[in-house]
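# Overview (structure and organization)
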Amino acid sequence: MRFQRPLSLPALVLSFFSVVTSWSGVVVVGAEKVRDWSNEELEDHPDPNDENYAGMVYVGKHDTSTGRRVGFDEGNGVSFIFGTAFDETHRKIEEKDLLEHPLKPAHDIPEVDREKTLKDRRHKPMDKTGPKPFGHVEIHELDGGVMPPRVVHVEPFFMDESPISNKEFGKFVRAQNYETEAERYGWSFCLVSFLNPSTTEIEEGDPEAPHWVIVPGAYWRRPEGPQSSYKHREDHPVVHVSHRDAADFCKWKGKRLPGEWEWEAAARAGHYGPSNRTVYSWGDDDSWETAEQYANLWGDSEFPTENSAKDGWRATSPVKTYPPNKLGFYDMTGNVWEWQRGGKHKSRIVRGGSFVDSLTGNYNHAATLGARATLHATTTAANIGFRCAKAPRRRAEYHYVYHDEEAHGQLAIEDEFKSIHRLPQRGWEDRFTDDQDDAIGEDSLAGARRKKKKVVKTRERYSTEL
Ligand SMILES: *[C@@H]1O[C@H](CO)[C@@H](O)[C@H](O)[C@H]1NC(C)=O
(Lines give C-alpha, C1' and ligand atoms only; values in the text may rest on other atoms or scores of the structure.)
Protein backbone atom coordinates (compact mmCIF):
# COMPACT_ATOMS: atom_id res chain seq x y z
CA MET A 1 0.00 0.00 0.00
CA ARG A 2 2.77 2.41 0.97
CA PHE A 3 4.29 2.22 -2.53
CA GLN A 4 1.21 3.32 -4.36
CA ARG A 5 1.40 7.00 -3.61
CA PRO A 6 4.88 7.88 -4.92
CA LEU A 7 4.16 5.94 -8.10
CA SER A 8 1.05 7.91 -8.85
CA LEU A 9 2.86 11.25 -8.66
CA PRO A 10 4.56 11.34 -12.10
CA ALA A 11 1.30 10.34 -13.72
CA LEU A 12 -0.36 13.25 -12.01
CA VAL A 13 2.26 15.69 -13.24
CA LEU A 14 1.99 14.40 -16.81
CA SER A 15 -1.75 14.72 -16.96
CA PHE A 16 -1.61 18.40 -16.06
CA PHE A 17 1.36 19.37 -18.19
CA SER A 18 0.40 17.61 -21.35
CA VAL A 19 1.94 20.41 -23.36
CA VAL A 20 4.32 19.35 -26.11
CA THR A 21 6.78 21.71 -27.69
CA SER A 22 7.37 20.93 -31.38
CA TRP A 23 10.70 21.46 -33.23
CA SER A 24 9.63 24.67 -34.89
CA GLY A 25 9.04 26.32 -31.54
CA VAL A 26 5.25 26.41 -31.90
CA VAL A 27 3.45 25.31 -28.81
CA VAL A 28 1.02 22.53 -29.47
CA VAL A 29 -1.48 21.79 -26.81
CA GLY A 30 -2.18 18.13 -26.50
CA ALA A 31 -5.63 16.71 -26.27
CA GLU A 32 -6.95 17.56 -22.83
CA LYS A 33 -6.71 14.72 -20.41
CA VAL A 34 -9.30 14.61 -17.71
CA ARG A 35 -7.78 13.78 -14.36
CA ASP A 36 -9.30 10.64 -12.96
CA TRP A 37 -9.95 11.28 -9.28
CA SER A 38 -11.51 7.89 -8.60
CA ASN A 39 -8.15 6.08 -8.46
CA GLU A 40 -6.49 8.57 -6.24
CA GLU A 41 -6.25 8.29 -2.55
CA LEU A 42 -7.51 11.44 -0.92
CA GLU A 43 -5.26 12.87 1.67
CA ASP A 44 -6.24 11.89 5.17
CA HIS A 45 -8.00 14.49 7.23
CA PRO A 46 -7.51 14.54 10.95
CA ASP A 47 -10.21 12.50 12.65
CA PRO A 48 -12.53 14.93 14.42
CA ASN A 49 -12.85 12.37 17.19
CA ASP A 50 -9.18 12.97 18.02
CA GLU A 51 -9.76 16.62 18.75
CA ASN A 52 -10.09 17.06 22.50
CA TYR A 53 -9.11 19.73 24.99
CA ALA A 54 -8.54 19.19 28.68
CA GLY A 55 -11.50 20.38 30.71
CA MET A 56 -13.70 20.96 27.68
CA VAL A 57 -16.74 19.06 26.46
CA TYR A 58 -17.75 18.63 22.82
CA VAL A 59 -21.31 19.46 21.87
CA GLY A 60 -22.34 18.19 18.47
CA LYS A 61 -24.09 15.37 16.70
CA HIS A 62 -22.94 11.80 17.34
CA ASP A 63 -23.44 8.79 15.14
CA THR A 64 -26.18 6.74 16.81
CA SER A 65 -24.57 3.38 16.00
CA THR A 66 -20.92 4.10 16.74
CA GLY A 67 -21.33 6.90 19.25
CA ARG A 68 -18.58 8.80 17.48
CA ARG A 69 -18.74 12.43 16.39
CA VAL A 70 -20.24 13.01 13.01
CA GLY A 71 -17.29 15.28 12.41
CA PHE A 72 -16.85 17.12 9.17
CA ASP A 73 -20.08 15.96 7.56
CA GLU A 74 -22.94 18.27 6.76
CA GLY A 75 -25.20 19.20 9.61
CA ASN A 76 -23.11 18.04 12.54
CA GLY A 77 -24.50 20.72 14.82
CA VAL A 78 -27.58 20.40 16.99
CA SER A 79 -31.07 21.87 16.77
CA PHE A 80 -33.05 22.53 19.90
CA ILE A 81 -35.89 24.56 21.35
CA PHE A 82 -34.41 27.78 22.66
CA GLY A 83 -36.28 29.25 25.63
CA THR A 84 -38.70 27.05 27.55
CA ALA A 85 -40.89 29.25 29.72
CA PHE A 86 -43.46 28.82 32.47
CA ASP A 87 -46.10 30.32 30.22
CA GLU A 88 -46.02 27.21 28.03
CA THR A 89 -45.62 29.09 24.74
CA HIS A 90 -43.05 26.45 23.84
CA ARG A 91 -45.84 23.85 23.69
CA LYS A 92 -46.65 25.15 20.21
CA ILE A 93 -43.36 23.81 18.90
CA GLU A 94 -43.68 20.29 17.57
CA GLU A 95 -41.28 17.53 16.63
CA LYS A 96 -41.66 18.35 12.92
CA ASP A 97 -40.52 21.96 13.50
CA LEU A 98 -37.35 20.58 15.01
CA LEU A 99 -36.73 18.23 12.11
CA GLU A 100 -37.58 20.67 9.38
CA HIS A 101 -35.59 23.51 10.80
CA PRO A 102 -33.17 24.72 8.13
CA LEU A 103 -29.54 24.44 9.11
CA LYS A 104 -28.34 27.85 10.03
CA PRO A 105 -24.85 28.83 11.05
CA ALA A 106 -24.33 29.94 14.62
CA HIS A 107 -23.01 33.24 13.37
CA ASP A 108 -26.32 35.04 13.48
CA ILE A 109 -25.73 35.69 17.13
CA PRO A 110 -25.07 39.39 16.80
CA GLU A 111 -21.41 40.21 17.07
CA VAL A 112 -20.32 43.43 18.66
CA ASP A 113 -20.38 46.26 16.21
CA ARG A 114 -16.63 46.67 16.41
CA GLU A 115 -16.33 50.01 14.69
CA LYS A 116 -19.07 51.52 16.81
CA THR A 117 -17.59 50.22 20.02
CA LEU A 118 -14.20 51.59 19.12
CA LYS A 119 -15.72 54.95 18.25
CA ASP A 120 -17.61 55.05 21.55
CA ARG A 121 -14.43 54.29 23.39
CA ARG A 122 -12.49 57.00 21.61
CA HIS A 123 -15.12 59.58 22.42
CA LYS A 124 -15.70 58.47 25.98
CA PRO A 125 -12.36 57.66 27.55
CA MET A 126 -12.84 55.54 30.62
CA ASP A 127 -13.10 57.66 33.72
CA LYS A 128 -11.61 55.73 36.59
CA THR A 129 -13.03 58.00 39.24
CA GLY A 130 -16.46 58.59 37.77
CA PRO A 131 -19.53 56.47 38.28
CA LYS A 132 -19.64 53.05 36.75
CA PRO A 133 -22.99 52.30 35.20
CA PHE A 134 -24.92 49.54 36.82
CA GLY A 135 -27.34 47.60 35.25
CA HIS A 136 -30.08 45.27 34.96
CA VAL A 137 -30.97 46.60 31.55
CA GLU A 138 -33.77 44.16 31.06
CA ILE A 139 -35.21 41.42 33.18
CA HIS A 140 -37.03 38.53 31.61
CA GLU A 141 -39.85 37.87 34.00
CA LEU A 142 -40.71 34.43 32.78
CA ASP A 143 -37.07 33.41 32.65
CA GLY A 144 -37.70 31.39 29.58
CA GLY A 145 -34.98 33.09 27.60
CA VAL A 146 -35.81 35.07 24.52
CA MET A 147 -39.51 35.19 23.76
CA PRO A 148 -41.11 33.53 21.98
CA PRO A 149 -39.31 30.18 22.22
CA ARG A 150 -38.10 28.91 18.86
CA VAL A 151 -36.02 26.25 17.20
CA VAL A 152 -32.39 27.24 16.71
CA HIS A 153 -29.39 25.41 15.28
CA VAL A 154 -25.81 25.66 16.49
CA GLU A 155 -22.68 24.35 14.85
CA PRO A 156 -20.62 21.97 17.02
CA PHE A 157 -18.38 23.53 19.65
CA PHE A 158 -16.31 22.83 22.74
CA MET A 159 -17.13 24.46 26.05
CA ASP A 160 -15.42 24.46 29.44
CA GLU A 161 -16.99 21.91 31.74
CA SER A 162 -17.15 24.38 34.63
CA PRO A 163 -16.92 28.12 35.27
CA ILE A 164 -13.40 29.61 35.51
CA SER A 165 -12.10 29.38 39.08
CA ASN A 166 -10.18 31.98 41.08
CA LYS A 167 -7.07 29.85 40.69
CA GLU A 168 -7.24 29.80 36.90
CA PHE A 169 -8.04 33.49 36.72
CA GLY A 170 -5.11 34.21 39.04
CA LYS A 171 -2.74 32.52 36.58
CA PHE A 172 -3.99 34.80 33.83
CA VAL A 173 -3.68 37.93 35.99
CA ARG A 174 -0.10 37.07 36.92
CA ALA A 175 0.91 36.15 33.38
CA GLN A 176 -0.57 39.28 31.84
CA ASN A 177 -0.21 41.64 34.79
CA TYR A 178 -3.89 42.11 34.12
CA GLU A 179 -5.99 44.80 35.74
CA THR A 180 -9.70 44.00 35.88
CA GLU A 181 -12.35 46.62 35.32
CA ALA A 182 -13.48 46.45 38.96
CA GLU A 183 -9.93 47.50 39.92
CA ARG A 184 -9.83 50.31 37.38
CA TYR A 185 -13.14 51.69 38.61
CA GLY A 186 -12.27 50.97 42.21
CA TRP A 187 -15.47 49.27 43.31
CA SER A 188 -17.86 46.41 42.71
CA PHE A 189 -21.27 45.15 43.81
CA CYS A 190 -21.64 42.90 46.82
CA LEU A 191 -24.65 41.42 48.49
CA VAL A 192 -25.32 43.42 51.63
CA SER A 193 -25.94 40.43 53.87
CA PHE A 194 -22.40 39.12 53.31
CA LEU A 195 -20.68 42.27 54.44
CA ASN A 196 -19.35 43.10 57.83
CA PRO A 197 -20.76 46.59 58.36
CA SER A 198 -18.16 47.60 60.94
CA THR A 199 -15.18 47.00 58.69
CA THR A 200 -16.50 47.95 55.31
CA GLU A 201 -17.26 51.38 54.00
CA ILE A 202 -20.46 50.88 52.06
CA GLU A 203 -22.15 53.16 49.60
CA GLU A 204 -25.72 53.02 48.40
CA GLY A 205 -26.18 50.98 45.27
CA ASP A 206 -28.80 50.77 42.60
CA PRO A 207 -32.32 51.68 43.79
CA GLU A 208 -33.74 48.81 41.76
CA ALA A 209 -31.49 46.29 43.48
CA PRO A 210 -31.34 47.55 47.07
CA HIS A 211 -29.63 44.49 48.49
CA TRP A 212 -26.66 44.95 46.17
CA VAL A 213 -24.35 47.66 47.45
CA ILE A 214 -21.28 49.38 46.06
CA VAL A 215 -18.20 48.26 47.94
CA PRO A 216 -15.07 50.34 47.33
CA GLY A 217 -12.01 48.18 46.78
CA ALA A 218 -13.93 45.00 46.02
CA TYR A 219 -12.55 42.95 43.11
CA TRP A 220 -11.87 39.28 42.36
CA ARG A 221 -8.98 39.00 44.85
CA ARG A 222 -10.90 40.89 47.56
CA PRO A 223 -14.46 39.68 47.01
CA GLU A 224 -16.00 41.56 49.97
CA GLY A 225 -13.72 44.58 49.95
CA PRO A 226 -10.20 45.31 51.23
CA GLN A 227 -10.58 43.24 54.42
CA SER A 228 -11.49 40.06 52.57
CA SER A 229 -9.55 37.55 50.50
CA TYR A 230 -10.26 34.84 47.95
CA LYS A 231 -7.58 32.66 49.50
CA HIS A 232 -9.89 30.04 50.95
CA ARG A 233 -11.98 30.11 47.79
CA GLU A 234 -9.36 29.20 45.18
CA ASP A 235 -11.63 26.63 43.56
CA HIS A 236 -14.72 28.85 43.65
CA PRO A 237 -15.72 30.53 40.40
CA VAL A 238 -14.04 33.90 39.85
CA VAL A 239 -16.43 36.81 40.42
CA HIS A 240 -16.31 40.61 40.05
CA VAL A 241 -15.21 40.20 36.43
CA SER A 242 -16.66 42.34 33.66
CA HIS A 243 -17.52 41.20 30.16
CA ARG A 244 -14.17 42.53 28.92
CA ASP A 245 -12.22 40.72 31.65
CA ALA A 246 -14.00 37.49 30.73
CA ALA A 247 -13.41 37.91 27.00
CA ASP A 248 -9.72 38.76 27.58
CA PHE A 249 -9.22 35.66 29.71
CA CYS A 250 -10.76 33.44 27.02
CA LYS A 251 -8.62 35.06 24.34
CA TRP A 252 -5.51 34.42 26.40
CA LYS A 253 -6.53 30.76 26.56
CA GLY A 254 -7.03 30.64 22.77
CA LYS A 255 -10.76 30.41 23.31
CA ARG A 256 -13.74 32.76 23.25
CA LEU A 257 -16.91 33.33 25.23
CA PRO A 258 -19.77 30.98 24.34
CA GLY A 259 -22.73 32.25 22.34
CA GLU A 260 -25.95 32.02 24.29
CA TRP A 261 -27.42 29.48 21.85
CA GLU A 262 -24.36 27.34 22.40
CA TRP A 263 -24.57 27.82 26.14
CA GLU A 264 -28.21 26.78 26.23
CA ALA A 265 -27.61 23.77 23.98
CA ALA A 266 -24.95 22.66 26.47
CA ALA A 267 -27.26 23.30 29.42
CA ARG A 268 -30.12 21.30 27.89
CA ALA A 269 -27.74 18.38 27.39
CA GLY A 270 -29.54 16.47 24.69
CA HIS A 271 -33.07 17.16 25.93
CA TYR A 272 -33.78 19.14 22.82
CA GLY A 273 -37.18 17.91 21.67
CA PRO A 274 -40.81 18.69 22.45
CA SER A 275 -41.15 15.38 24.29
CA ASN A 276 -38.13 15.66 26.55
CA ARG A 277 -37.43 19.39 27.08
CA THR A 278 -37.45 20.47 30.72
CA VAL A 279 -37.83 23.71 32.63
CA TYR A 280 -34.90 23.12 35.01
CA SER A 281 -31.58 21.43 34.43
CA TRP A 282 -32.67 18.50 36.65
CA GLY A 283 -36.13 18.13 35.12
CA ASP A 284 -39.49 19.71 35.80
CA ASP A 285 -39.57 19.16 39.57
CA ASP A 286 -39.85 22.55 41.30
CA SER A 287 -39.32 21.35 44.89
CA TRP A 288 -36.35 22.62 46.87
CA GLU A 289 -35.52 19.09 48.03
CA THR A 290 -34.65 18.20 44.44
CA ALA A 291 -33.12 21.51 43.49
CA GLU A 292 -30.72 21.48 46.43
CA GLN A 293 -29.10 18.34 45.11
CA TYR A 294 -28.35 19.84 41.72
CA ALA A 295 -27.63 23.52 42.02
CA ASN A 296 -26.35 26.25 44.31
CA LEU A 297 -29.37 28.55 44.61
CA TRP A 298 -30.60 30.64 47.52
CA GLY A 299 -32.94 28.02 48.92
CA ASP A 300 -36.24 27.95 50.67
CA SER A 301 -35.68 30.93 52.95
CA GLU A 302 -36.21 34.64 52.93
CA PHE A 303 -34.11 36.74 50.59
CA PRO A 304 -31.80 38.57 51.20
CA THR A 305 -31.51 38.23 54.97
CA GLU A 306 -31.68 34.48 55.45
CA ASN A 307 -29.93 31.68 53.70
CA SER A 308 -30.51 28.29 55.21
CA ALA A 309 -27.46 27.05 53.29
CA LYS A 310 -29.21 23.71 53.04
CA ASP A 311 -27.48 23.24 49.70
CA GLY A 312 -24.23 23.54 51.66
CA TRP A 313 -23.17 27.02 50.60
CA ARG A 314 -24.30 30.50 51.49
CA ALA A 315 -22.65 32.20 48.55
CA THR A 316 -20.58 30.64 45.73
CA SER A 317 -19.64 26.99 45.92
CA PRO A 318 -16.47 25.35 44.55
CA VAL A 319 -16.88 24.51 40.87
CA LYS A 320 -17.92 20.88 40.30
CA THR A 321 -19.58 20.61 43.73
CA TYR A 322 -22.88 19.53 42.23
CA PRO A 323 -23.33 16.65 39.78
CA PRO A 324 -22.76 17.46 36.09
CA ASN A 325 -25.53 17.33 33.49
CA LYS A 326 -25.81 14.52 30.92
CA LEU A 327 -23.13 16.03 28.69
CA GLY A 328 -20.72 16.62 31.58
CA PHE A 329 -21.18 20.34 32.27
CA TYR A 330 -21.07 21.54 35.87
CA ASP A 331 -22.85 24.53 37.41
CA MET A 332 -24.98 25.34 34.39
CA THR A 333 -27.69 26.48 36.79
CA GLY A 334 -26.91 28.52 39.88
CA ASN A 335 -23.61 29.45 41.53
CA VAL A 336 -22.68 32.36 39.23
CA TRP A 337 -24.19 34.03 36.19
CA GLU A 338 -22.03 33.53 33.12
CA TRP A 339 -21.10 36.18 30.56
CA GLN A 340 -22.00 35.35 26.97
CA ARG A 341 -20.58 36.45 23.67
CA GLY A 342 -22.59 38.98 21.66
CA GLY A 343 -25.07 41.59 22.75
CA LYS A 344 -24.14 45.26 22.89
CA HIS A 345 -21.81 47.10 25.21
CA LYS A 346 -24.76 48.49 27.13
CA SER A 347 -26.60 45.19 27.32
CA ARG A 348 -24.44 42.10 27.48
CA ILE A 349 -26.04 38.76 28.12
CA VAL A 350 -25.59 36.59 31.20
CA ARG A 351 -27.06 33.12 31.55
CA GLY A 352 -27.60 30.43 34.13
CA GLY A 353 -28.72 32.24 37.29
CA SER A 354 -26.69 32.48 40.48
CA PHE A 355 -26.68 31.57 44.16
CA VAL A 356 -29.26 34.28 44.94
CA ASP A 357 -31.92 32.87 42.65
CA SER A 358 -35.16 31.03 43.29
CA LEU A 359 -37.14 28.33 41.53
CA THR A 360 -40.23 30.23 40.49
CA GLY A 361 -39.01 33.82 40.50
CA ASN A 362 -40.70 34.80 43.81
CA TYR A 363 -37.41 36.60 44.55
CA ASN A 364 -34.65 37.41 42.04
CA HIS A 365 -34.66 35.20 38.95
CA ALA A 366 -36.22 31.83 38.41
CA ALA A 367 -33.27 29.52 37.80
CA THR A 368 -34.70 27.81 34.76
CA LEU A 369 -32.65 26.65 31.78
CA GLY A 370 -33.78 29.81 30.02
CA ALA A 371 -32.77 32.18 32.85
CA ARG A 372 -31.31 35.21 31.20
CA ALA A 373 -30.49 38.79 32.05
CA THR A 374 -28.81 41.66 30.28
CA LEU A 375 -26.30 43.86 32.03
CA HIS A 376 -24.04 46.75 31.16
CA ALA A 377 -20.72 45.28 30.02
CA THR A 378 -18.81 46.95 32.87
CA THR A 379 -21.05 45.52 35.57
CA THR A 380 -19.18 43.45 38.10
CA ALA A 381 -20.74 41.72 41.07
CA ALA A 382 -20.20 38.93 43.56
CA ASN A 383 -22.39 36.57 41.51
CA ILE A 384 -21.12 37.02 37.94
CA GLY A 385 -18.46 34.77 36.42
CA PHE A 386 -17.95 33.02 33.09
CA ARG A 387 -16.60 30.03 31.19
CA CYS A 388 -15.07 29.80 27.70
CA ALA A 389 -15.85 27.98 24.49
CA LYS A 390 -13.93 27.04 21.35
CA ALA A 391 -14.85 26.11 17.80
CA PRO A 392 -13.54 22.77 16.49
CA ARG A 393 -11.16 22.64 13.55
CA ARG A 394 -12.80 22.99 10.18
CA ARG A 395 -11.86 21.09 7.10
CA ALA A 396 -11.12 23.38 4.22
CA GLU A 397 -12.62 22.18 0.98
CA TYR A 398 -11.94 23.65 -2.40
CA HIS A 399 -14.06 23.00 -5.42
CA TYR A 400 -12.75 24.16 -8.75
CA VAL A 401 -14.90 24.50 -11.77
CA TYR A 402 -13.79 25.74 -15.16
CA HIS A 403 -15.48 28.77 -16.49
CA ASP A 404 -15.70 29.60 -20.17
CA GLU A 405 -15.73 33.39 -20.46
CA GLU A 406 -16.43 33.31 -24.20
CA ALA A 407 -19.59 31.32 -23.82
CA HIS A 408 -20.86 32.40 -20.40
CA GLY A 409 -19.59 35.93 -19.94
CA GLN A 410 -17.37 37.56 -17.42
CA LEU A 411 -17.33 36.36 -13.85
CA ALA A 412 -18.24 38.55 -10.94
CA ILE A 413 -15.34 39.37 -8.68
CA GLU A 414 -15.51 37.89 -5.26
CA ASP A 415 -13.39 39.64 -2.67
CA GLU A 416 -11.83 38.07 0.40
CA PHE A 417 -15.00 38.84 2.36
CA LYS A 418 -17.08 36.81 -0.07
CA SER A 419 -19.18 39.76 -1.14
CA ILE A 420 -19.77 39.91 -4.81
CA HIS A 421 -19.04 43.07 -6.74
CA ARG A 422 -20.59 42.90 -10.13
CA LEU A 423 -18.58 44.53 -12.81
CA PRO A 424 -20.21 47.68 -14.19
CA GLN A 425 -22.35 46.82 -17.14
CA ARG A 426 -22.92 48.84 -20.24
CA GLY A 427 -26.16 50.76 -20.28
CA TRP A 428 -26.06 51.65 -16.62
CA GLU A 429 -24.54 54.75 -15.22
CA ASP A 430 -24.13 56.03 -11.72
CA ARG A 431 -25.22 59.51 -10.85
CA PHE A 432 -24.53 61.20 -7.56
CA THR A 433 -26.68 64.06 -6.30
CA ASP A 434 -25.99 66.20 -3.28
CA ASP A 435 -29.07 66.32 -1.15
CA GLN A 436 -28.59 69.74 0.42
CA ASP A 437 -32.17 70.96 0.27
CA ASP A 438 -32.66 71.62 3.95
CA ALA A 439 -29.33 73.38 4.29
CA ILE A 440 -30.24 76.04 1.74
CA GLY A 441 -32.06 79.24 2.71
CA GLU A 442 -32.42 78.43 6.35
CA ASP A 443 -30.83 81.61 7.61
CA SER A 444 -28.22 83.91 6.23
CA LEU A 445 -25.64 83.51 8.93
CA ALA A 446 -25.64 79.88 8.04
CA GLY A 447 -22.45 80.15 6.02
CA ALA A 448 -20.38 78.60 8.75
CA ARG A 449 -23.20 76.32 9.76
CA ARG A 450 -23.71 75.06 6.30
CA LYS A 451 -20.08 74.10 6.11
CA LYS A 452 -20.52 71.91 9.12
CA LYS A 453 -23.62 70.28 7.80
CA LYS A 454 -23.24 66.74 6.78
CA VAL A 455 -23.70 66.18 3.08
CA VAL A 456 -25.80 63.18 2.37
CA LYS A 457 -25.03 61.61 -0.94
CA THR A 458 -27.85 59.69 -2.45
CA ARG A 459 -27.02 57.31 -5.18
CA GLU A 460 -29.41 56.79 -8.02
CA ARG A 461 -29.18 54.58 -11.00
CA TYR A 462 -30.66 55.34 -14.35
CA SER A 463 -31.06 52.95 -17.16
CA THR A 464 -30.67 54.17 -20.68
CA GLU A 465 -31.97 50.97 -22.10
CA LEU A 466 -35.28 50.39 -20.39
C1 LIG B 1 -35.03 14.30 23.02
O2 LIG B 1 -35.91 14.34 21.92
C3 LIG B 1 -35.30 14.59 20.67
C4 LIG B 1 -36.34 14.67 19.60
O5 LIG B 1 -37.48 15.27 19.99
C6 LIG B 1 -34.27 13.52 20.36
O7 LIG B 1 -33.62 13.80 19.15
C8 LIG B 1 -33.27 13.42 21.50
O9 LIG B 1 -32.40 12.36 21.27
C10 LIG B 1 -33.97 13.23 22.83
N11 LIG B 1 -32.98 13.29 23.86
C12 LIG B 1 -32.81 12.36 24.79
C13 LIG B 1 -31.74 12.59 25.78
O14 LIG B 1 -33.50 11.36 24.84
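Below or above, wherever it landed, is the structure these notes cover. Sequence order as written defines residue numbering, which begins from 1 separately in each chain. The predicted origin of the model limits local features to residues at a pLDDT of at least 70 and limits the giving and counting of side-chain atom pairs to 80 or more, whereas totals for whole chains, interfaces and linings rest on all residues. Each side-chain value is derived from all of the structure's non-hydrogen atoms; neither hydrogens nor water enter the calculation.

Turning our eyes to something else, we now look at the pattern of salt bridges. Side chains that differ in charge, positive against negative, can pair when their charged atoms come close. Just to be clear on terms, a salt bridge is a Lys or Arg side-chain nitrogen sitting within 4 Å of an Asp or Glu carboxyl oxygen. Scanning the model with the defined rule gives 14 salt bridges in all. Note that Lys 96 and Asp 97 form a salt bridge whose closest N and O atoms lie 3.7 Å from each other. You can call Lys 96 partly exposed: its relative accessible area is 45%. Between Arg 244 and Asp 248 there is a salt bridge; the shortest N-O distance is 3.9 Å. Placement of both Arg 244 and Asp 248 in helix α6 (residues 243-252) is noted, with a separation of 4 residues, approximately one turn of the helix. Members of the salt-bridge network, linked through shared partners, are Glu 260, Glu 264, Arg 268, Arg 351 and Arg 372. Each residue's exposure class comes from its accessible area (1.4 Å probe, protein chains only) as a fraction of the maximum for that residue type: buried when under 20%, exposed when over 50%, partly exposed otherwise. In this text, helices come from DSSP runs of H or I with a minimum length of four residues, and strands from runs of E with a minimum of two, each type numbered from the N-terminal end.

This part is about the side chain of Asp 357. As for its position among the elements, Asp 357 is in the loop between β11 (348-351) and β12 (372-375). Despite its burial, Asp 357 pairs with no opposite charge; the closest candidate is Arg 351, at 11 Å N-O. Whenever two N or O atoms come within 3.5 Å, that pair is a polar contact, provided that in protein one can donate a hydrogen and the other can accept it, and provided that, for residues adjacent in sequence, both atoms are side-chain atoms. Among the polar contacts made by the side chain of Asp 357, one reaches the main-chain amide nitrogen of Ser 354 at a distance of 2.7 Å. By definition, residues are in contact when any of their heavy atoms lie within 4.5 Å. Setting aside residues up to four positions removed in sequence, Asp 357 forms contacts with Trp 288, Leu 297, Trp 298, Gly 299, Trp 337, Tyr 363, Asn 364, His 365 and Ala 367. Positive charges are assigned to Lys and Arg, negative charges to Asp and Glu, while His and the chain termini are left out of the count.

Residue types Ala, Val, Leu, Ile, Met, Phe, Trp, Tyr and Cys, when buried and joined through side-chain atoms within 4.5 Å, form a set referred to as a nonpolar core. Ranked by size, the top nonpolar core spans 46 residues in total, and within it Phe 169, Trp 339 and Phe 386 carry the most contacts. Taken together, the elements giving at least two residues each to this core come down to α4 (166-176), α5 (181-185), β8 (187-191), β9 (212-216), α6, α8 (288-294), β10 (337-339) and β12. Other than its neighbours up to four places away in sequence, Phe 169 contacts Ile 164, Thr 180, Trp 220, Val 238, Val 241, Asp 245, Phe 249 and Phe 386. The next biggest cluster of nonpolar side chains, apart from the first, holds 19 residues, and it includes Val 57, Val 154, Trp 261 and Phe 329.

Note: two strands are recorded as paired if DSSP finds a minimum of 2 bridges between them. With antiparallel pairing, the 3 strands of this open sheet are ordered in space as β3-β7-β14. Taken across any chain shown, the strands that pair with only one partner, and hence form the sheet edges, are β3 (56-59) and β14 (389-390). Pairing between strand β7 (residues 157-160) and β14: 2 bridges, direction antiparallel. Following the sheet pairing, Met 159 is matched in β14 by Ala 389. Think of each axis as a best-fit line through the C-alpha atoms, taken over the contacting stretch in the case of a helix, with angles from 0 to 180 degrees between the N-to-C directions. Strands β3, β7 and β14 of the sheet are contacted by helix α7 (residues 260-268), whose axis makes an angle of about 75° with β7.

Note on terminology: pairs of cysteine sulfur atoms within 2.5 Å are recorded as disulfides. Applying the stated criterion to the full structure yields 1 disulfide. The residue that forms a disulfide with Cys 250 is Cys 388, at a sulfur-sulfur distance of 2.2 Å. Disulfide Cys 250 to Cys 388: torsion about the S-S bond roughly -85°, handedness left-handed. Of the two residues, Cys 250 is situated in helix α6 and Cys 388 in the loop between β13 (384-385) and β14; the sequence distance between them amounts to 138 residues. Relative accessible area serves as the criterion here: at 0%, Cys 250 is assigned to the buried category. When its relative accessible area of 0% is taken as the criterion, Cys 388 is described as buried.

What follows concerns the environment of His 62. Mapped onto the secondary structure, His 62 falls in the loop between β3 and β4 (78-82). The class for His 62 is partly exposed, based on a relative accessible area of 37%. When the C-alpha atoms of His 62 and Asn 76 are compared, they prove to be 7.9 Å apart, with 14 residues separating the residues in sequence. Not counting chain neighbours up to four residues away, the residues in contact with His 62 comprise Gly 67, Arg 68, Arg 69 and Val 70.

What follows concerns a positive patch on the surface. On the surface, Lys 167, Lys 171, Arg 174 and Lys 253 cluster together into a positively charged patch. Relative to the helices and strands, Lys 253 resides in the loop between α6 and α7. Exposure above 30% relative accessible area and no salt bridge define the residues that can form patches, which grow by joining like charges within 9 Å and nonpolar side chains of Val, Leu, Ile, Met, Phe, Trp and Tyr within 5 Å. Only the protein chains shown count as cover for residues, and the accessible areas themselves come from Shrake-Rupley with a 1.4 Å probe. For charged residues, the charge sits on one atom: NZ in Lys, CZ in Arg, CG in Asp, CD in Glu.

This part covers the packing of aromatic side chains. Aromatic pairing here means that ring centres of Phe, Tyr or Trp (its six-membered ring) are within 6.5 Å. Orientation follows from the plane angle: under 30 degrees is stacked, over 60 is edge-to-face, and everything else is tilted. Taken as a whole and assessed by the stated rule, the structure comprises 18 aromatic pairs. Aromatic side chains Phe 169 and Trp 220 sit 5.4 Å apart centroid to centroid with 80° between the ring planes, which places their arrangement in the edge-to-face category. You can see Phe 169 sitting in helix α4 and its partner Trp 220 sitting in the loop between β9 and α6, a full 51 residues away along the chain. For Phe 169, a relative accessible area of 0% gives the class buried. Since its relative accessible area comes to 1%, Trp 220 is described here as buried. Note on Trp 282 and Tyr 294: the rings are 6.3 Å apart at their centroids and 20° apart in plane angle, and the pair reads as stacked. Of this pair, Trp 282 sits in the loop between α7 and α8 while Tyr 294 sits in helix α8, and the two are 12 residues apart along the sequence. Linked through ring pairs, Phe 169, Phe 172, Tyr 178, Trp 220, Tyr 230, Phe 249, Trp 252 and Phe 386 together constitute an aromatic cluster. We note Arg 69 situated over the ring of Tyr 58; from NZ or CZ to the ring centre the distance is 4.1 Å. Put simply, a charge is over a ring when the Lys NZ or the Arg CZ is close to the ring centre, within 6 Å, and near the line of the ring normal, within 35 degrees. Positioned above the aromatic ring of Tyr 53 is the side chain of Lys 390, whose terminal nitrogen or guanidinium carbon lies 5.0 Å from the ring centre.

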